[in-house]
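Chain residues, written in single-letter form:
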Amino acid sequence: MKDYLSEMRSFAAVIEQGSFTDAARATGASKGLISQHVKRLEDTLGAKLLFRSTRKLELTEIGSTFLEYCQSITQSADAAFEAVETLRGEPVGTVRITVPVSFGEMFLHDIILAFQQIHPRIQIEMELENSYRDLQSSHMDIAIRAGLTPDPDQVAIPLGQLSELICASPEYWRTHAKPKTPSDLLHHNCILNFQYYKDRKWVFFSKDGPQSVAVEGTLRLNHYPLIRNATVQGLGVSNLPRYVAMPEIQAGRLETALEAYRSPLRPIYLVYAYQGNLPIKNRLLIDFIRNWFAERPDLLETLGRDQN
């Protein structure tokens, strides 16, 4: 009997991705080849697997049953190759990861570069995206997220807590008095992230409890690296995530203020869908990312630290 593994993989991809076009994009094959594979299966089986319309694909009863076997067989084939590569000491395969945009821009490049120097045969596909995506339906292996969604099928590994620092350039502070209390920010030009602070309120914690200040400024952006650049250029005061601010502070391009006050803390997690047998390539990247942040406590604070 002919080997139909490629055809079965294409058929499964069409259903998982929702269209022939997206299946071609996900597998790296042409749309025409994907279509040929599905037709070849239908001809061989003598039955329709899909109902096609201009707007959606719908499985036939036979297609639904056949899909389960296709997914099981292709996953087993992938696991077999991975097991052999693991025994040979050469992990191989692709890991797909989704990361918040500024988080990914700041240091995921460094993480991936260092990881692939150790594991050159593991391919990384990274998507920068601020919205939460369902890992299984989007076929993502790993996500880095601020906070969690109530999903019992996900495993969440804490990486640390995201805090923010009030910063400005040394040049700005030379011509503007540093604020001594949060309310002093009302006398400064504050650079706002309108995506996260739509109400313009920056929140602070101290021994006296929480307080918020509705700041004002002439520049509003929705991307922290751009806010960092504007702050370094002396355009005003910003409220930057620690991981964005620390490299500039250490280089002397930014200085902090209001050190007696703390920002709210948001836990950062590495998340993956629960699997009984986690692929070795996924486990290697998960452990590498977790250890990378553990060795850099200046970027994310330790989980469990009190707000006050």
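Think of each chain on its own: its residues are numbered from 1, step by step along the sequence as written. Restriction of local features to residues with pLDDT of at least 70 applies here, the model being predicted, together with a cutoff of 80 or more for giving and counting side-chain atom pairs; totals for whole chains, interfaces and linings are based on all residues. For side-chain calculations, the full set of non-hydrogen atoms in the structure is used, while hydrogens and water are omitted.

Quick look at the overall build of the protein chain now. Assigned secondary structure in the protein chain consists of nine helices and 14 strands. Both definitions apply: the radius of gyration is a C-alpha atom measure, and the globule rule equals 2.2 Å times residues to the power 0.38. Relative to the globule expectation of 19 Å for 308 residues, the C-alpha radius of gyration of the protein chain, 25 Å, shows a markedly less compact shape. Its C-alpha atoms give the protein chain principal-axis dimensions of roughly 80 × 45 × 35 Å. For the protein chain, the proportion of contacts with a sequence separation of at least 24, taken over those separated by at least 6, is 74%. Throughout, the Shrake-Rupley method with a 1.4 Å probe supplies accessible areas, and for residues the shown protein chains are the sole cover considered. Surface exposure of the protein chain reaches about 16500 Å², of which carbon and sulfur atoms provide 52%. For the protein chain, the distance from the average site of its 33 positive side-chain charges to the average site of its 36 negative ones is 4 Å. A helix here means a DSSP run of H or I that spans at least four residues, while a strand means a run of E at least two residues long, and both kinds are numbered starting from the N terminus. Contacts were defined at the residue level, with two residues in contact if any of their heavy atoms lie within 4.5 Å. Only four residue types enter the tally: Lys and Arg on the positive side, Asp and Glu on the negative side; His and the chain ends are excluded. Just so you know, the charge point we use is NZ for Lys, CZ for Arg, CG for Asp and CD for Glu.

Strand order in the open sheet formed by five strands is 4-3-5-14-6, and the pairing between neighbours is mixed. The strands lining the two open edges of the sheet, one partner per strand, are strand 4 (122-128) and strand 6 (154-162). Each neighbouring strand pair of the sheet contributes to a mean axis angle of 20°, computed without reference to strand direction. Being paired, for any two strands, means DSSP has found at least two bridges between them. In terms of strand pairing, strand 5 (residues 142-146) meets strand 14 (residues 266-273) through four bridges, oriented antiparallel. Looking across to strand 14, one finds that Arg145 is bridged to Tyr269. Lines fitted to C-alpha atoms define the axes here, with helix axes fitted over just the stretch in contact, and angles between the N-to-C directions of these axes take values from 0 to 180 degrees.

Between helix 1 (residues 5-17) and helix 2 (residues 20-27), whose axes approach to 8 Å, the crossing angle comes to 115°. The interaxial crossing formed by helix 1 with helix 2 has right-handed handedness. Between helix 1, through Ala13, Val14 and Gln17, and helix 2, the contact on the second element is made entirely by Phe20, Asp22, Ala23, Ala26 and Thr27. Any residue outside Ala, Val, Leu, Ile, Met, Phe, Trp, Tyr, Cys, Pro, Asp, Glu, Lys and Arg is labelled polar, Gly included; the first ten of those are nonpolar and the last four are charged. For the contact of helix 1 with helix 2, the per-class residue count stands at five nonpolar, two polar and one charged. A clockwise turn of the near helix away from the far one marks a right-handed crossing, whereas an anticlockwise turn of less than a right angle marks a left-handed crossing.

Right, let's get into the layout of surface pockets. A pocket, in this scheme, is an open set of points on a 1 Å grid over the protein atoms alone with protein on both sides within 12 Å along at least 5 of 7 lines, while a cavity is a set where a 1.4 Å probe fits but cannot get out; residues line either one if an atom lies within 4 Å of a point. Grid points are joined across faces, edges and corners, and a volume is the space filled by probe spheres set on the points. By volume, the largest pocket amounts to about 1800 Å³. Forming the boundary of the largest pocket are 42 residues, of which Asp78, Thr94, His139, Asp141 and Lys281 lie nearest the centre. Those elements giving two or more residues to the lining of the largest pocket turn out to be helix 1, helix 2, helix 4 (61-87), strand 3 (93-99), strand 4 and helix 9 (280-294). A per-class count over the lining of the largest pocket returns 16 nonpolar, 15 polar and 11 charged. Along the walls of the second largest pocket sit 23 residues, with Pro100, Asn130, Ala146, Tyr196 and Arg266 positioned nearest its centre. Secondary structure elements with two or more residues in the lining of the second largest pocket: strand 3, helix 5 (101-118), strand 5 and strand 14. Of the residues in the lining of the second largest pocket, the class split is 13 nonpolar, seven polar and three charged.

For the exposure calls, accessible area comes from a 1.4 Å probe over protein chains only, and a residue counts as buried if that area is under 20% of its type's maximum, exposed if over 50%, partly exposed in between. Most of strand 5 is tucked away, with four of its five residues classed as buried. Bridge count for strand 3 against strand 5 is two bridges, and the pairing is parallel. Directly across from Ile97, in strand 5, lies its bridge partner Ile142.

Attention now goes to helix 3 (residues 31-45). What a helix should span is 1.5 Å times the count of its residues minus one. Its 15 residues place the ends of helix 3 21 Å apart at the C-alpha level, agreeing with the 21 Å of an ideal helix rising 1.5 Å per residue. Of all the positions in helix 3, only Ile34, His37, Val38, Leu41 and Glu42 are classed as buried. One face of helix 3 carries all of its buried residues, which in axial projection span an arc of 130°. Two residues or fewer after helix 3 comes Gly46, characterised by a positive phi angle close to 70°. For this quantity, the arc is that covered by the directions from the helix axis to the C-beta atoms.

This next bit is on unusual backbone geometry. Positive phi is not limited to glycine here, since Leu258 has a value of about 55°. By secondary structure assignment, the location of Leu258 is in the loop between strand 13 (255-257) and strand 14. Under the relative-accessibility criterion, Leu258 is labelled buried at 6%.

Interhelical geometry of helix 5 versus helix 8 (residues 242-250) gives an angle of 35° and a closest axis separation of 10 Å. For the crossing formed where helix 5 meets helix 8, the hand is left-handed. Across the interface between the two elements, Ser102, Phe103, Met106 and Phe107 of helix 5 pack against Tyr243, Val244 and Pro247 of helix 8. Along the lines of polarity and charge, the residues of the contact of helix 5 with helix 8 split into six nonpolar, one polar and no charged.

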